[in-house]
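# Structure assessment
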Amino acid sequence: MPARAKLRIATFNVNGIGTRLGHLLAWLEREQPDIVALQELKADDAAFPAADIEAAGYGASWIGQRSWNGVAILGRGVEPVESRRGLPGDPGDTQSRYLEAAVHGVLVGALYLPNGNPQPGPKFDYKLAWMARLARHAASLVDLPHPVALIGDYNVIPTDADVYDPKAWRKDALFQPEVREAFARLLEQGWTDGLREAHGPSTIYTFWDYFRQHAERDRGLRIDHLLLNRAAAKGLHRAGVDRWVRLQQKASDHAPTWVEIARPRSPR
DNA sequence: ATGGCAGGAAAATCCTGA
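Described in the following lines is the structure provided in the data block. Just so you know, these numbers come straight off a predicted model, no measurement behind them. (Residues numbered from 1 in each chain as written. Chains lettered and ligands numbered in written order. Predicted model: local features only at pLDDT ≥ 70, side-chain atom pairs only at ≥ 80, totals over all residues. Heavy atoms only, no water.)

The next subject is the pairing of strand β6 (residues 98-103). Burial analysis of β6 places 5 of its 6 residues in the buried class, which makes it a mostly covered element. The sheet contact formed by strand β5 (residues 81-85) and β6 spans 4 bridges and is antiparallel. Its bridge partner being in β6, V81 is matched across the sheet by A102. Pairing of β6 with strand β7 (residues 106-112) involves 6 bridges; the strand directions are antiparallel. The residue of β7 that forms the bridge with A102 is L107. Between the end of β6 and the start of β7, which pair antiparallel, lie 2 residues, with H104 showing a positive phi angle near 50 degrees. (Buried < 20%, exposed > 50% of the residue type's maximum accessible area, 1.4 Å probe, protein only. Helix = DSSP H or I, 4+ residues; strand = E, 2+ residues; numbered from the N terminus. Pairing = 2+ DSSP bridges.)

Here it is, written out as C-alpha cells:
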C-alpha cells in the first residue's frame, strides 16, 4: 500500500497487549497508521510481541512493566529512534509511563498519565505531581522548530463536553478542577488539542467503560489526546476515533484516536 | 450511594483501572 499523502499519528490504550494483540494487528492492517503510541501494555519487556508487530510492518520501541502500565511507540516501515525513556523529574518513579522517539520526522512523546483514583489520596497526589513533571518537560519541547506530538492516555476529561454525564463523574480523579486546570495550562504553553481542533465542537469520545453497554450507547469520555506543537499543528488536516475497534468482542475500553498532519519535509 | 465489567498474577481472591 502506498503511503498516504498525510502522516497519520495514532494513540491506543490496548488494556493488555497480550489479550489485545489480535485487535491491534487487525487495526494496523486496516487503518495503516504511520505512527502509533500504545499504553497499558501490562507486560514486561520480554513479553512484548515484537515479532508479530514487525511482521505487520512496524518497527517498535517499548518500556514494559509486569501487570500494569507499559508504553510503546510504533513506526510504519521504520524503527523509532529513541530519545528518552521515562519522564524526567523523579528518579524514584519506576512506573513505565513515558517514552520518546523520533519517527517519520516527528518527535513523539508517548505517555500514560496516572489515573489518580481514588481522590483525594496518594494516587491523586502522584497524578498531580506527574502532570507537573510533564508540564516542565513539555515546555522544553513546545518551541522546537520541528513537529512534536505529545500523545497518549491523559486520563483527563478536559471539559463538560468531553463526558456523557458530567454529574456522574464529578468526584472522579479524571474530572477534578485542578486536573482540568493543569491540562488547560499545558495547552496554554502553545500546544494544540489535535482531535478537538480538527474534529470541531461536536461530541466525540475515545473511551467507554465496560458497564451497561456504554460503548453501544456511545456514553463515553474523551481522555486520549494528541497535543501538537506549532510546527505540527500548522499542518493539521483532520482527526478521528476508530470506534469500530471498541465495538468488537473482547475489546479494550479505549479506541484508537488519531490525527493527520502534513508530512515533514525531511523524514527519518 | 453502590456496583456494575475487565485484565493480570496468583491461585479460586486480590489489586488496579476509569
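A separate point is the layout of surface pockets. Taken as a whole, the largest pocket encloses approximately 550 Å³ of empty space. E40, R97, Y112, N115 and N155 are the residues nearest the centre of the largest pocket, which is lined by 26 residues in total. Examining the composition of the lining of the largest pocket, we find that 3 residues originate from one element, helix α3 (residues 122-139), more than from any other. (1 Å grid on protein atoms, 1.4 Å probe; cavity = no way out; pocket = protein on both sides within 12 Å on 5 of 7 lines; lining within 4 Å. Points joined across faces, edges and corners; volume = space filled by probe spheres on them.)

Here we take up the packing of aromatic side chains. Applying the stated criterion to the full structure yields 3 aromatic pairs. Measuring from ring centre to ring centre gives 4.2 Å for F48 and W62, while their planes differ by 15 degrees; the resulting arrangement is stacked. Note that F48 is positioned in the loop between β2 (35-39) and α2 (50-55) and W62 in strand β3 (residues 58-63), a separation of 14 residues in sequence. W62 sits in the partly exposed class, given a relative accessible area of 23%. Between the NZ or CZ atom of R8 and the centre of the ring of W258, over which it lies, the distance is 3.9 Å. The positively charged end of R30 is found above the aromatic ring belonging to W244, 4.0 Å away from the centroid. (Phe/Tyr/Trp six-rings, centres within 6.5 Å; stacked < 30°, edge-to-face > 60°. Lys NZ or Arg CZ within 6 Å of the ring centre and 35° of its normal.)

Turning our eyes to something else, we now look at the protein's contact with DNA strand B. Taken together, 27 residues form the shell around DNA strand B, and within it T19, E40, N115, F207 and R212 come nearest. When the atoms of DNA strand B within 4 Å of the protein are sorted by group, sugar and phosphate make up 70%. Between a phosphate oxygen of DNA strand B and a side-chain N or O atom of E40, the distance comes to 2.8 Å. Contact between DNA strand B and N155: a phosphate oxygen at 2.9 Å from a side-chain N or O atom of the residue. (Near = heavy atom within 4 Å. Polar contact = N/O pair within 3.5 Å; in protein donor to acceptor, adjacent residues only side chain to side chain.)

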